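# Survey of secondary and tertiary structure
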Amino acid sequence: MAYADKEAKRIFAALPGLLLPWYAENARTLPWRRDREPYHVWVSEIMLQQTRVEAVRGYYERFLNALPDIPSLAAAPEETLLKLWEGLGYYSRARNLQKAAKRIVAQYGGEFPRDYDSVRALPGVGDYTAGAICSICFESPAPAVDGNVLRIAARMCSDSAPIDLPATKKAVASALKEVYPKGRCGDFTQSLMELGACVCMPKVTKCDICPVREICLSHAHGTQNTLPVKLPKREKRVEPRTVFLLECDGAYAIHRREGKGLLAGLWQFPNTEGQLSPSDALQAAESFGVKPIELLRETHKTHIFTHIRWEMVGYHIRCREKNGIFLWATPEELRSTYALPTAFRIFLDDAQI
């Protein structure tokens, strides 16, 4: 690992002088860059975890319109919170946001803490998020090291150490902390984010317009397309499932998942492990006590989680009776009230309900 050697230190030392002028001219206009209010930066950084910028824009605006400050987030009903988050995935992020908001209200009177250790101790806040908040909002020399920054560092220093090793992340954070420019910490953090998002991308390297190409060893050696190195990915476990869209009098059966595990506590359509045939699905619906009339539609969908891939068959079945096991929601209620994870909403959207 080369991040602590003399050549690497020279490269890192040159970064602020090259990146800051470029960022001033090329920064994208993003809603969470309008100000440096900690609550706004915090919400945006949590939403942006494993989620594309374009997907987050609308969610961010709606979230802040509904919950404009920390006390309102702390006091929001969970159903409201999850509905605002619907479709973003990784719902534990939303729950941790609210846990942290309640702690901020209880311990800090609703004012966001300003020191790194206190921010890092909040539920759902890791090293990266704490670094982003503290550097952007409070001008602290706290690096925000994520996959984008690790990729930039690996290419700049032509380093082949796997970027998903904790030791690599620690080395890059240490090297960056030494060069954070006083009074420009927030801009420096965001310039690194911008470089990784728009120029030094995972599969595309725009070296011809890169502001740091003159110091980049990968550019000099022609190795930019072979770096960074990552550890081999673990194969995702495939899990077949059958999903039931049970319709009765214009309403659809839903129920809550258990409070632990995947998609804990969220609403779902009735479903079961394994892929049933149409006749078996109708028999299963009969066992629910809903007296199925006819199978209207069969749909096949795939949904990918971090470590699992669901291969699903969905059956839209018209029924005579509503049972007491399920909650029966109208299409309007499904759109406005009950948060369905994307794994189930894709069936709703496909059926144009």
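Owing to the predicted nature of the structure, the values given are computational and were not obtained by experimental measurement.

Analysis parameters
Residues numbered from 1 in each chain as written. Predicted model: local features only at pLDDT ≥ 70, side-chain atom pairs only at ≥ 80, totals over all residues. Heavy atoms only, no water. Helix = DSSP H or I, 4+ residues; strand = E, 2+ residues; numbered from the N terminus. Buried < 20%, exposed > 50% of the residue type's maximum accessible area, 1.4 Å probe, protein only. Contact = heavy atoms within 4.5 Å. Lys, Arg positive; Asp, Glu negative; His and termini not counted. Charge placed at Lys NZ, Arg CZ, Asp CG, Glu CD. UniProt positions renumbered as here; feature names shortened; annotations may be inferred. Expected span 1.5 Å × (residues − 1). Axes fitted to C-alpha atoms, helices over the stretch in contact; angles between N-to-C directions. Parallel < 35°, antiparallel > 145°, perpendicular 65-115°, else oblique. Nonpolar A, V, L, I, M, F, W, Y, C, P; charged D, E, K, R; others polar. Phe/Tyr/Trp six-rings, centres within 6.5 Å; stacked < 30°, edge-to-face > 60°. Patch = residues over 30% accessible without salt bridge, like charges linked within 9 Å, V, L, I, M, F, W, Y side chains within 5 Å. Areas by Shrake-Rupley, 256 points an atom, 1.4 Å probe, with all protein chains shown as cover. Salt bridge = Lys/Arg side-chain N within 4 Å of Asp/Glu carboxyl O. Left-handed = near helix turned anticlockwise from the far one by under 90°.

### Description of the overall build of the chain
- In terms of regular secondary structure, the chain is built from 15 helices and seven strands.
- Principal-axis analysis of the C-alpha atoms places the extent of the chain at approximately 75 × 50 × 30 Å.
- When burial is assessed residue by residue, the chain has 52% of its 353 residues classed as buried.
- The contacts in the chain between residues at least 6 apart in sequence include a share of 71% that link residues at least 24 apart.
- Each charge class in the chain can be summarised by its mean position, and for the 46 positive and 41 negative side chains these summaries are 3 Å apart.

### Details of the UniProt feature "domain: HhH-GPD" (unreviewed entry) in the chain
- Residues given the UniProt feature "domain: HhH-GPD" (unreviewed entry) here are residues 47–198.
- Span residues 47–198 is 65% helix and 0% strand, its end C-alpha atoms 19 Å apart.

### Some details on the environment of Tyr39
- Within the secondary structure layout, Tyr39 lies in helix 2 (residues 38–47).
- Not counting chain neighbours up to four residues away, the residues in contact with Tyr39 comprise Phe63, Leu64, Leu67, Pro68, Asp69, Ile70 and Leu73.

### Observations regarding the environment of Glu321
- Tracing the backbone through its elements, the reader meets Glu321 in the loop between strand 6 (308–319) and strand 7 (327–329).
- Along the primary structure Glu321 and Leu246 are separated by 75 residues, whereas in three dimensions their C-alpha atoms are 10.0 Å apart.
- In this structure, Glu321 is in contact with Cys248, Gly289, Val290, Lys291 and Trp328, ignoring residues within four places of it in sequence.

### Describing helix 8 (residues 127–138)
- Between its first and last C-alpha atoms helix 8 spans 16 Å; for twelve residues at 1.5 Å apiece the expected length is 16 Å, and the two agree.
- With eleven of its twelve residues buried, helix 8 lies for the most part within the structure.
- Once helix 8 ends, the next one or two residues include Glu139, with phi positive near 55°.

### Considering the packing of helix 9 (residues 147–156) against helix 10 (residues 166–177)
- Packing of helix 9 against helix 10 brings their axes to within 10 Å, and their N-to-C directions diverge by 80°. One way to sum up the angle between helix 9 and helix 10 is to call them roughly perpendicular. Facing Val149, Leu150 and Ala153 of helix 9, the residues of helix 10 in contact are Thr168, Lys169, Val172 and Leu176.
- Here the contact of helix 9 with helix 10 is built from residues that sort into five nonpolar, one polar and one charged.

### What about the packing of aromatic side chains?
- The final tally for this structure, using the stated rule, is twelve aromatic pairs.
- Ring geometry for Phe288 versus Phe326: centroids 5.6 Å apart, planes at 85°, classification edge-to-face. Here Phe288 is found in the loop between helix 13 (278–287) and strand 5 (292–304), whereas its partner Phe326 is found in the loop between strand 6 and strand 7, with 38 residues between them in sequence.
- Between Trp310 and Phe344 the ring centres are 5.8 Å apart and the planes differ by 65°, which places this aromatic pair in the edge-to-face class. Taken together, the residues Trp310 in strand 6 and Phe344 in helix 15 (residues 342–350) connect sequence positions 34 residues apart. Each member of the pair, Trp310 as well as Phe344, carries the same accessibility label: buried.

### A look at a negative patch on the surface
- On the surface, a cluster of negative charge is contributed by Asp35, Glu37, Asp69 and Glu111.
- Along the chain, Glu37 turns up in the loop between helix 1 (6–26) and helix 2.
- Taking the relative accessible area as the measure of exposure, Glu37 reaches 36% and is therefore partly exposed.

### Regarding the packing of helix 2 against helix 3 (residues 53–66)
- Their axes nearest at 10 Å, the elements helix 2 and helix 3 cross at an angle of 140°. One way to sum up the angle between helix 2 and helix 3 is to call them oblique. Like other packed secondary-structure pairs, helix 2 and helix 3 cross with a definite hand, here right-handed. Here Tyr39, His40, Val43, Ser44 and Met47 of helix 2 come into contact with helix 3, specifically with Val56, Tyr59, Tyr60, Phe63 and Leu64.
- Residues that form the contact of helix 2 with helix 3 fall into these classes: eight nonpolar, two polar and no charged.

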